[in-house]
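Here is what each chain is made of, one letter per residue.
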Amino acid sequence: MKNILLAFYMLVLSLPGFSQDIIEWDQQYQVKMEDFQSKRSKIDGEVILIQTSAKMDFAFAMSNYEFMLTKNFNSKVTNTFSPKSAVLIAPDLETAAKLVKFAQYQFDLNELYTRQFRKLLYENKGAFSSITYINPLFENIQNELTERYSEAAETTNLGLEEEILLTLHLEVLDEITELKDFCKTCKPPKAKKK
């Protein structure tokens, strides 16, 4: 059988670059200042900049037959953070600490939309679905993520408005919890027959 090879590397708000040193999203992991390992990162900078290089990847290789029989793609969609591409520039340590909190918000926000994408893949996959059903789903999720991220960046001034950021971050964490069946290792419940 002809093999389907699909390797979407869907970059969401990330810098170009490849690194073997990748942090996969985990509920317990907290982004730290040391995670910003780009040579451009510095304290005492004249500008304020935060770039987490968080990204959503979707990749799988399987035959047409396997694709037809597969409904749960949770394990094929990942949310990662690349320290070597992550940039933090701040005038002082206090500002840098606020930017790190904003980076954690962004990483968690990316996980929320990664789970939403997994859910869409699951709900929209039919027995005879063509692989092309995936692209429009991803484009919509990416647009929603970009819009929400941009709004949060503006509203919180990249996290410098700590109280606003905390409110937005708690909302995202609640939404992640609501999508608990769409974690990377989870198996969504089958729809109940009527």
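Here the structure is a predicted model, which is why all the values come from computation and not from measurement.

Thresholds applied
Residues numbered from 1 in each chain as written. Predicted model: local features only at pLDDT ≥ 70, side-chain atom pairs only at ≥ 80, totals over all residues. Heavy atoms only, no water. Axes fitted to C-alpha atoms, helices over the stretch in contact; angles between N-to-C directions. Helix = DSSP H or I, 4+ residues; strand = E, 2+ residues; numbered from the N terminus. Parallel < 35°, antiparallel > 145°, perpendicular 65-115°, else oblique. Left-handed = near helix turned anticlockwise from the far one by under 90°. Contact = heavy atoms within 4.5 Å. Nonpolar A, V, L, I, M, F, W, Y, C, P; charged D, E, K, R; others polar. Pairing = 2+ DSSP bridges. Buried < 20%, exposed > 50% of the residue type's maximum accessible area, 1.4 Å probe, protein only. Core = buried A, V, L, I, M, F, W, Y, C linked by side-chain atoms within 4.5 Å.

S.K.: Where do I start with the packing of helix α2 (residues 93–124) against helix α4 (residues 162–178) in this structure?
M.R.: Relative placement of two packed helices is described by the angle separating their axes and the distance separating the axes. Axis separation between α2 and α4 bottoms out at 9 Å; the angle between their running directions is 25°. By the criterion of interaxial angle, the relationship of α2 to α4 is roughly parallel. Judged by the sense of rotation from one axis to the other, the crossing of α2 with α4 is left-handed. Two secondary-structure elements touch here, α2 through Lys98, Lys101, Phe102, Gln104, Tyr105, Asp108, Leu109, Glu111, Leu112, Arg115 and Gln116 and α4 through Glu162, Leu165, Leu168, His169, Val172, Leu173, Glu175 and Ile176. Looking at the contact of α2 with α4 residue by residue, the classes come out as nine nonpolar, three polar and seven charged.

S.K.: Looking at this structure, how should I read the sheet that holds strand β7 (residues 87–90)?
M.R.: Whenever strands of a sheet pair, they do so through backbone hydrogen bonds, lying parallel or antiparallel. The mixed open sheet is built from three strands, whose spatial order is β3-β7-β4. At either margin of the open sheet sits one strand with a lone partner, and together these are β3 (42–43) and β4 (49–51). Note: β3 against β7, two bridges, orientation parallel. Counterpart to Lys42 in the pairing with β7 is Ile89. Across the sheet, α2 is in contact with β3, β4 and β7; its angle to β7 comes to roughly 145°.

S.K.: Would you take a moment to explain the pairing of strand β5 (residues 54–63) for this structure?
M.R.: Walk down a regular strand and you will see the side chains alternate between the two sheet faces. A large share of β5 lies buried, amounting to eight of its 10 residues. Of the pairings in the sheet, the one linking β5 to strand β6 (residues 77–81) comprises five bridges and is antiparallel in character. Residue Ala54 lies in a different strand from β6, and its bridge partner there is Phe81.

S.K.: So what exactly am I meant to see when it comes to the environment of Gln106 here?
M.R.: Within the secondary structure, Gln106 sits in helix α2. The exposure class assigned to Gln106 is buried, which follows from its relative accessible area of 3%.

S.K.: Which parts of the structure should I look at to understand the nonpolar core?
M.R.: Soluble globular proteins tend to bury their nonpolar side chains together. Ranked by internal contacts, the top residues of the largest apolar core, which has 45 residues, are Phe36, Phe117 and Leu121. Going through the elements one at a time, β5, β6, β7, α2, α3 (134–156) and α4 are the ones with two or more residues in this core. Broken down by element, this core gets its largest block of residues, 13 residues, from α2. Those residues within four positions of Leu121 in sequence are excluded, and the remaining contacts are Phe58, Lys71, Phe73, Val77, Tyr133, Ile134 and Leu137.

S.K.: Got a minute to help me understand unusual backbone geometry in this structure?
M.R.: Excluding glycine, a negative phi dihedral is what most residues carry, and trans is how most peptide bonds are arranged. Positive phi values are uncommon outside glycine, yet Ser53 reaches one of about 60°. Position of Ser53 among the secondary structure elements: in the loop between β4 and β5. Accessibility expressed as a relative area gives 3% for Ser53, which makes it buried.

Everything listed here is a matter of coordinates, which is why it stays silent on function.
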